[in-house]
Amino acid sequence: MKQTKVYLDEEIPKKDRAFPVSADSTSFEKLVSAVCQSTQEYRIPNSSKIYAYSSLYFCLDEAESLFKHHSEDTEVFLRTAWMGGSYLRDTHKHGEQQIKNACLNLLGGITPTALSTIAGSGLVTNGFFSRTVLITANQNRWKEFLFRERTPEMLTHRREVLEHISKLAHVY
């Protein structure tokens with residue numbers, strides 16, 4: 001397995017990222033393809049065994065794009081990934097896509113209206129929302145989002161978190 005150098009700054013070349021990152025906007029088909037392409041192999045020390053896994057991080061400003069089409073397939077895939085299972089998809093157009101030991105990290109924003117629509121599609125009753133952390137507010141705190149200047153303490157904590165993530169990237 002190729003050893004990946006982990007950067008601790010904002011500008012990380014795609015080839016050197018510790019974890020594969022998906023596009024800022026995606027569909028079910030593109031997500032499955034991206035996870036499939038992120039498959040890596042880890043040779044277990046002092047053994048001839050190889051552990052294959054597919055991991056991906058993605059952050060969607062509008063997570064509803066993921067559920068616009070194929071919402072049932074999306075839900076099954078996300079549930080499978082949540083449990084760390086393997087997933088096989090076979091279509092006429094794209095052929096077979098196999099994902100081994102999925103590991104998926106999704107952070108997404110969604111409007112209350114879109115969330116209500118998705119919830120009405122059955123995702124609430126089939127287990128998806130029981131595996132989801134929903135964060136909400138009763139009202140907007142402000143109309144603009146401005147980043148404050150980072151203090152030395154903030155930068156120190158940021159570096160500590162990134163160093164910990166870097167270690168996690170090489171655990172298994």
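Note: the structure precedes this text.
Engineer: Which parts of the structure should I look at to understand the nonpolar core?
Structural biologist: In globular proteins that are soluble, nonpolar side chains generally tend to be buried together. By size, the foremost hydrophobic cluster in this structure holds 19 residues, and its most contacted members are Leu31, Leu66, Phe77, Leu78 and Ile99. Contributions of two or more residues to this core are made by helix H1 (28-37), strand S2 (50-60) and helix H2 (71-82). Ranked by the residues each element gives to this core, the list is headed by H1, at four residues. Excluding its chain neighbours within four sequence positions, the residues that come into contact with Phe77 are Phe28, Leu31, Val32, Val35, Tyr87, Ile99 and Leu104.

Engineer: Mind showing me how you'd approach the environment of Leu104 here?
Structural biologist: In this structure, Leu104 sits in strand S5 (residues 102-108). The spatial distance from the C-alpha of Leu104 to the C-alpha of Gly84 is 8.3 Å, given a sequence separation of 20 residues. The residues touching Leu104, leaving out its near neighbours within four places in the chain, are Leu31, Val35, Leu56, Phe58, Phe77, Leu78 and Ala81.

Engineer: What exactly am I supposed to notice about the packing of H1 against H2 here?
Structural biologist: In helix packing, the relevant descriptors are the interaxial angle and the interaxial distance, both defined with respect to the helix axes. Where H1 contacts H2, the two axes come as close as 10 Å, and the packing angle between them is 30°. As summarised for this structure, H1 and H2 are arranged roughly parallel, according to the angle between their axes. At the point where H1 passes H2, the crossing takes the left-handed sense. Judged by residue contacts, Phe28, Leu31, Val32 and Val35 of H1 engage Asp73, Thr74, Phe77 and Leu78 from H2. Across the contact of H1 with H2, the residue classes break down as six nonpolar, one polar and one charged.

Engineer: Help me understand H2 in this model?
Structural biologist: Think of an α-helix as turning once every 3.6 residues; residues three or four places apart then point the same way. Here H2 contains 12 residues, and its C-alpha end-to-end distance of 16 Å stays within 8% of the 16 Å for a straight helix at 1.5 Å per residue. Inspection of H2 places Thr74, Glu75, Phe77, Leu78, Thr80 and Ala81 among the buried residues, and these make up the whole buried set. Taken from the residues just after H2, Gly84 is the one with a positive phi, measuring 75°.

Engineer: So what exactly am I meant to see when it comes to the pattern of salt bridges here?
Structural biologist: When the charged atoms of two side chains lie near each other, side chains of opposite charge can form a pair. Taken as a whole and judged by the stated rule, the model has two salt bridges. As a salt-bridge pair, Arg79 and Glu75 come within 2.3 Å of each other at their nearest N and O atoms. Of this pair, Arg79 and Glu75 are both found in helix H2, four residues apart, which corresponds to roughly one turn of the helix. Between Glu163 and Arg159 there is a salt bridge; the shortest N-O distance is 3.5 Å. Of the two residues, Glu163 and Arg159 are both situated in helix H4 (residues 152-168); the distance of four residues between them amounts to about one turn of the helix. A relative accessible area of 34% places Glu163 in the partly exposed class.

Engineer: Is there a simple way to think about the pairing of S2 in this case?
Structural biologist: Across a regular strand the side chains alternate sides, sitting on one face of the sheet and then on the other. Bridge count for strand S1 (residues 39-43) against S2 is five bridges, and the pairing is antiparallel. Residue pairing for S2: Glu41 is matched across the bridge by Ala52. Linkage of S1 to S2, two consecutive antiparallel strands, is achieved through a turn of six residues, within which Asn46 is found at a positive phi near 60°.

Engineer: When you look at the side chain of Arg89 in this model, what are you seeing that I'm missing?
Structural biologist: Within the fold, Arg89 resides in strand S3 (residues 87-91). Once you skip the residues sitting within four places of it in the chain, Arg89 turns out to touch Phe28, Glu29, Val32, Gly95, Glu96 and Gln97.

Engineer: Quick question: what am I supposed to make of the environment of Gly84 here?
Structural biologist: Mapping Gly84 onto the fold places it in the loop between H2 and S3. For Gly84, a relative accessible area of 30% corresponds to the partly exposed category. Setting aside residues no more than four positions away along its own chain, Gly84 makes contact with Asn101 and Ala102.

Scoring rules and cut-offs
Residues numbered from 1 in each chain as written. Predicted model: local features only at pLDDT ≥ 70, side-chain atom pairs only at ≥ 80, totals over all residues. Heavy atoms only, no water. Core = buried A, V, L, I, M, F, W, Y, C linked by side-chain atoms within 4.5 Å. Buried < 20%, exposed > 50% of the residue type's maximum accessible area, 1.4 Å probe, protein only. Helix = DSSP H or I, 4+ residues; strand = E, 2+ residues; numbered from the N terminus. Contact = heavy atoms within 4.5 Å. Axes fitted to C-alpha atoms, helices over the stretch in contact; angles between N-to-C directions. Parallel < 35°, antiparallel > 145°, perpendicular 65-115°, else oblique. Left-handed = near helix turned anticlockwise from the far one by under 90°. Nonpolar A, V, L, I, M, F, W, Y, C, P; charged D, E, K, R; others polar. Expected span 1.5 Å × (residues − 1). Salt bridge = Lys/Arg side-chain N within 4 Å of Asp/Glu carboxyl O. Pairing = 2+ DSSP bridges.

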